[in-house]
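Reading the structure
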Amino acid sequence: EDDFQFLLCEGCRQESPHLKLLTCLHTLCLSCLGKNEPVGQCPVCCTAIPQASGIPDMDNLLFTNLQARLRVYKQMVDGVDLFCDNCRKLGEFWCSECFEFLCTKCFEAHQRYLRWESHRAKRVMDIRAGSAKDFLEGIKRTGGLSCSNPNHKSQPVSIYCQKCEKALCCSCALLDNQHAPFCDIRSETQRRQEELSSMDRELRRRRSGFKATYVSLQGEAARLEEAQREMRELIRQRVEQLVRLIRQEEEELVGLVEARQEQGRRELAQELRHVEGVLRRMEAGERLVEKMSLYATEQEVMDMQPFIKGSLQELQQLQPPAAKDQAEPGPFAECRARLQAL
């Protein structure tokens, strides 16, 4: 099971009889291509699909045929429905050319009539004893080509036309004398396989360059993440530092406000006591002058008037404290300036 996971659709990872090969060489089933969003892109690598419908024209014949062959192998391993495809008796043999199960009697007839056509039927028990890879390798060795002419499907093919790029049987090659030169089909198959192998080696060489670039980009992404983390940490530290400074400034400003308030309170209390004393002196002078005018004798007037007059003159020279102008800076002007600067 693990060796053949590559046969599954690369989108849904399910087995499907309708596998399409994209130009990016990814293999997807029709279901994944039908619901692919956005349409016209490979859902694996986002490469554009040339067909407007989003459905490639090329079937992945290799994967589809391998799935069919593995189903036959699983059928033999499980021992389910092993019936002769000719007479429906117990199938004990299997022909990789006919792709059919054969009972003993049909196998003997098969060997008698088709032994010259390289049809090698094997016992089901022998196939079951081997691995799936051995089974597929045996089919690969015996599998043959069919003529491109639909009327000559049963003819063996050994010729390849280099002009029309088709496999031909001997009859087609003799009749189609305008498409020369011809070459052996096996050599053409080998040439194509070697061409693919050569291209694969070149891709492997170039892949190392892309892999190095990919690793470099991953490193750049990691460095970007690290730089982001460091910057976030720096911002956090700076903000905490600023918060501490602002809290410190807050404490200093609050202390300054309290000091200014205490200083202003003392100054106002002193002025209040002074004004209050002046008011009491004036009230005492008013009362004394009033009582003098009501009850004092001439001798008392003559004796006390100079003293009272001097005190009243002193009171007359006193001026009430000037009201502070609102435009003048108050006790918290310094605090306001530092707060504005902050």
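Further up the page is the structure itself.
Heads up: these notes are all about the structure in this document. (Residues numbered from 1 in each chain as written. Predicted model: local features only at pLDDT ≥ 70, side-chain atom pairs only at ≥ 80, totals over all residues. Heavy atoms only, no water.)

Considering the overall build of the protein
Scanning the protein for helices and strands turns up nine helices and eight strands. Counting all 342 residues of the protein, 22% fall into the buried class. Long-range pairs, those at least 24 residues apart, make up 42% of the contacts in the protein with a sequence separation of at least 6. As presented, the protein carries roughly 25,900 Å² of accessible surface, and 54% of it is formed by carbon and sulfur atoms. (Helix = DSSP H or I, 4+ residues; strand = E, 2+ residues; numbered from the N terminus. Buried < 20%, exposed > 50% of the residue type's maximum accessible area, 1.4 Å probe, protein only. Contact = heavy atoms within 4.5 Å. Areas by Shrake-Rupley, 256 points an atom, 1.4 Å probe, with all protein chains shown as cover.)

Observations regarding the side chain of E249
When you line up the elements, E249 lands in helix α7 (residues 185-295). A distance of 2.9 Å separates the side chain of E249 from the side chain of R338, its partner in a polar contact. Ignoring anything within four residues of it in the chain, the contact list for E249 reads R338 and L342. (Polar contact = N/O pair within 3.5 Å; in protein donor to acceptor, adjacent residues only side chain to side chain.)

Some points on unusual backbone geometry
A positive phi angle is found at L25, which is not glycine, with a value near 70°. Phi at R88 is positive, roughly 65°, even though this residue is not glycine. We classify R88 as exposed; its relative accessible area is 54%.

Thoughts on the pairing of strand β7 (residues 166-169)
Consecutive side chains along a regular strand alternate between the two faces of the sheet. By the bridge criterion, four bridges tie strand β6 (residues 157-161) to β7 in an arrangement that is antiparallel. In the strand pairing of β7, C161 is matched with K166. Between the antiparallel neighbours β6 and β7 lie four residues, among them E165 with a positive phi of about 55°. (Pairing = 2+ DSSP bridges.)

Some details on the sheet that holds β6
An order of β7-β6-β8 is seen for the three strands of this open sheet, with the pairing classed as antiparallel. Taken across any chain shown, the strands that pair with only one partner, and hence form the sheet edges, are β7 and β8 (182-184). The average undirected angle you get between the axes of adjacent strands in this sheet is 45°. Relative to β8, β6 runs antiparallel, the two sharing three bridges. Following the sheet pairing, Y160 is matched in β8 by C183. (Axes fitted to C-alpha atoms, helices over the stretch in contact; angles between N-to-C directions.)

Some points on a nonpolar patch on the surface
On the surface, M231, L234, I235, V239 and V243 cluster together into a nonpolar patch covering about 410 Å² of accessible area. Inspection of the secondary structure puts I235 in helix α7. Note on I235: relative accessible area 47%, which makes it partly exposed. (Patch = residues over 30% accessible without salt bridge, like charges linked within 9 Å, V, L, I, M, F, W, Y side chains within 5 Å. Salt bridge = Lys/Arg side-chain N within 4 Å of Asp/Glu carboxyl O.)

Notes on α7
If you check α7, its first and last C-alpha atoms are 157 Å apart, about what 111 residues at 1.5 Å a residue would give, namely 165 Å. By the burial criterion, the buried members of α7 are I185, E188, E249, L253, L256, G264, V278, G285 and M292. On its buried side, α7 packs onto β6, β7, β8, α8 (298-317) and α9 (333-341). (Expected span 1.5 Å × (residues − 1).)

Notes on the sheet that holds strand β4 (residues 100-102)
Strand pairing in a sheet relies on backbone hydrogen bonds. The paired strands run either parallel or antiparallel. Pairing within the open sheet is antiparallel, and its three strands lie in the order β4-β3-β5. With partners counted over all chains shown, the strands left at the sheet margins are β4 and β5 (121-123), one partner each. Mean inter-strand twist for the sheet, computed between neighbouring axes without regard to direction, equals 30°. Where strand β3 (residues 93-95) lies against β5, three bridges are found, and the strand directions are antiparallel.

Section: the pattern of salt bridges
Considering all chains together, one arrives at 18 salt bridges under this definition. Residue R205 pairs with E202 through a salt bridge whose shortest N-O separation is 2.4 Å. Linking R205 with E202, this pair stays in helix α7, spanning three residues, or about one helical turn. Its salt-bridge partner being E262, residue R265 comes within 2.4 Å of it at the nearest N-O pair. Of this pair, R265 and E262 both sit in helix α7, three residues apart, roughly one helical turn. Judged by its relative accessible area of 42%, R265 falls in the partly exposed class. For E262, a relative accessible area of 28% translates into the label partly exposed.

Overview of the packing of aromatic side chains
Evaluated as defined, the whole model comprises three aromatic pairs. When the ring of F4 is compared with that of F6, the centres are 6.0 Å apart and the planes differ by 40°; the resulting orientation is tilted. The class for F6 is partly exposed, based on a relative accessible area of 39%. The structure contains a cluster of three or more aromatic residues connected by ring pairs, namely F4, F6 and F63. (Phe/Tyr/Trp six-rings, centres within 6.5 Å; stacked < 30°, edge-to-face > 60°.)

What to know about the packing of α7 against α9
Where α7 contacts α9, the two axes come as close as 9 Å, and the packing angle between them is 165°. Taken together, the axes of α7 and α9 are roughly antiparallel relative to one another. For the pair α7 and α9, the sense of crossing is left-handed. Residues E249, E252, L253, L256, V257 and R260 of α7 lie in contact with α9, whose contacting residues are E334, C335, R338 and L339. Its residues assigned to classes, the contact of α7 with α9 comprises five nonpolar, no polar and five charged. (Parallel < 35°, antiparallel > 145°, perpendicular 65-115°, else oblique. Left-handed = near helix turned anticlockwise from the far one by under 90°. Nonpolar A, V, L, I, M, F, W, Y, C, P; charged D, E, K, R; others polar.)

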